[in-house]
Amino acid sequence: MSKKVLLVSTSSSEMNGHPTGLWLEELAEPFSIFKENELDVQIVSIQGGTVPIDQNSIPEGVPAQYQEVHALLQDTKALTDVNPADYDGIFFAGGHGPMIDFASNPLVADAILAISGNKGAVGAVCHGVSAFVDVTDQDGKSFVEGKKITGFTNEEEDAVQLTSKVPFLLETKLRKQGAVFENGEAFAPFAVTDGQIVTGQNPGSSAETARLFVKAIS
């Protein structure tokens, strides 16, 4: 029986006046690797429907190898259309959109807790890690407290000149909520596993994070 994975995208197309959305590589690479490993993948977005894609992630148009998944992004189910408890893992793709609609979202938190509560795998890459922000268990303990976590760093945010646009700095927020934040060099592939939690630092970490997630879920 194939393991079932929820692959979650943002539905937010702007961030404080800055056009944004899904960073395509961060969903397309995991989708491809999950399918290669015979996982049963369901793509969902926060609101359903067409997923907004950050045009900076496809400067020359959609690459040929991403055409299949790009087509699937034209009509997605909403997160509320599925029961996370039916899945063995959940993976949050990035882009700056998640800073708006993943972070502090009770629906996202419920999905994470439902899957992690069943010993499922929870993964995220880059700004997708904002899904973990403000997630707390029934005792009020932060989901990331004491966990090795990575994500888009303050240094990287500054480098892309969006520090003034983000609602918060992801690295700072994760550290404040108790994460043992780890990172590699800016924009170099870096991913970390802590039990069933797998996180990647930046877009270039998408494939490595997906491979570690496959190990965690198998």
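Residues numbered from 1 in each chain as written. Predicted model: local features only at pLDDT ≥ 70, side-chain atom pairs only at ≥ 80, totals over all residues. Heavy atoms only, no water.

1. Some details on helix 4 (residues 106-117)
Here comes step 1: Given a rise of 1.5 Å per residue, 12 residues ought to cover 16 Å, and the 16 Å separating the end C-alpha atoms of helix 4 matches this to within 8%.
Here comes step 2: The complete set of buried residues in helix 4 reads Val108, Ala109, Ala111, Ile112 and Ile115. Projected onto a plane normal to the axis of helix 4, the buried residues spread over an arc of 160° and lie on a single side. Exposed residues pointing more than 90 degrees away from the buried face of helix 4 are listed as Pro106 and Gly117.
Here comes step 3: Where the residues of helix 4 are buried, they touch strand 6 (89-92), helix 3 (98-101) and strand 7 (121-125). (Helix = DSSP H or I, 4+ residues; strand = E, 2+ residues; numbered from the N terminus. Expected span 1.5 Å × (residues − 1). Buried < 20%, exposed > 50% of the residue type's maximum accessible area, 1.4 Å probe, protein only. Arc of directions from axis to C-beta. Contact = heavy atoms within 4.5 Å.)

2. Comments concerning the packing of helix 1 (residues 25-36) against helix 7 (residues 206-217)
Here comes step 1: Orientation of helix 1 relative to helix 7, taken along the N-to-C sense of each, is 40°, at an axis distance of 8 Å. One finds that helix 1 runs oblique with respect to helix 7. The crossing of helix 1 and helix 7 is right-handed. On helix 7, the residues that touch Glu25, Glu26, Glu29, Pro30, Ile33 and Phe34 of helix 1 are Ser206, Ala207, Ala210, Arg211, Phe213 and Val214.
Here comes step 2: Of the residues in the contact of helix 1 with helix 7, the class split is 7 nonpolar, 1 polar and 4 charged. (Axes fitted to C-alpha atoms, helices over the stretch in contact; angles between N-to-C directions. Parallel < 35°, antiparallel > 145°, perpendicular 65-115°, else oblique. Left-handed = near helix turned anticlockwise from the far one by under 90°. Nonpolar A, V, L, I, M, F, W, Y, C, P; charged D, E, K, R; others polar.)

3. Considerations on the sheet that holds strand 11 (residues 197-200)
Here comes step 1: Ordered by their spatial adjacency, 7 strands build an open sheet running 5-4-1-6-7-11-10, and the pairing between neighbours is mixed. The open sheet has two edge strands, strand 5 (77-78) and strand 10 (191-194), and neither has a second partner.
Here comes step 2: Inspection of the sheet shows strand 10 paired to strand 11 by 4 bridges, in the antiparallel sense. Residue pairing across strands places Asp194 opposite Ile197, the latter belonging to strand 11.
Here comes step 3: The strands that helix 4 touches are strand 6 and strand 7; relative to strand 6, the one it contacts most, it runs at about 140°.
Here comes step 4: Along the sheet, helix 7 makes contact with strand 1 (4-9), strand 6, strand 7, strand 10 and strand 11, crossing strand 7 at roughly 180°. (Pairing = 2+ DSSP bridges.)

4. What to know about the environment of Asp86
Here comes step 1: Within the fold, Asp86 resides in the loop between strand 5 and strand 6.
Here comes step 2: Residue classification places Asp86 among the partly exposed residues on the basis of a relative accessible area of 45%.
Here comes step 3: Spatially, the C-alpha atom of Asp86 lies 9.6 Å from that of Leu6, the residues being 80 residues apart in sequence.

5. So, the packing of aromatic side chains
Here comes step 1: Evaluated as defined, the whole model comprises 6 aromatic pairs.
Here comes step 2: Taken together, a centroid distance of 5.2 Å and an interplanar angle of 40° make the contact between Phe34 and Phe213 tilted. With a gap of 179 residues between them, Phe34 in helix 1 and Phe213 in helix 7 connect regions that are remote in the sequence.
Here comes step 3: Relative accessible area serves as the criterion here: at 0%, Phe34 is assigned to the buried category.
Here comes step 4: Among the aromatic residues, ring-to-ring pairing joins Phe34, Phe91 and Phe213 into one connected group.
Here comes step 5: Looking at Lys4, its charged tip hangs above the ring of Tyr87, at a distance of 4.8 Å from the centre. (Phe/Tyr/Trp six-rings, centres within 6.5 Å; stacked < 30°, edge-to-face > 60°. Lys NZ or Arg CZ within 6 Å of the ring centre and 35° of its normal.)

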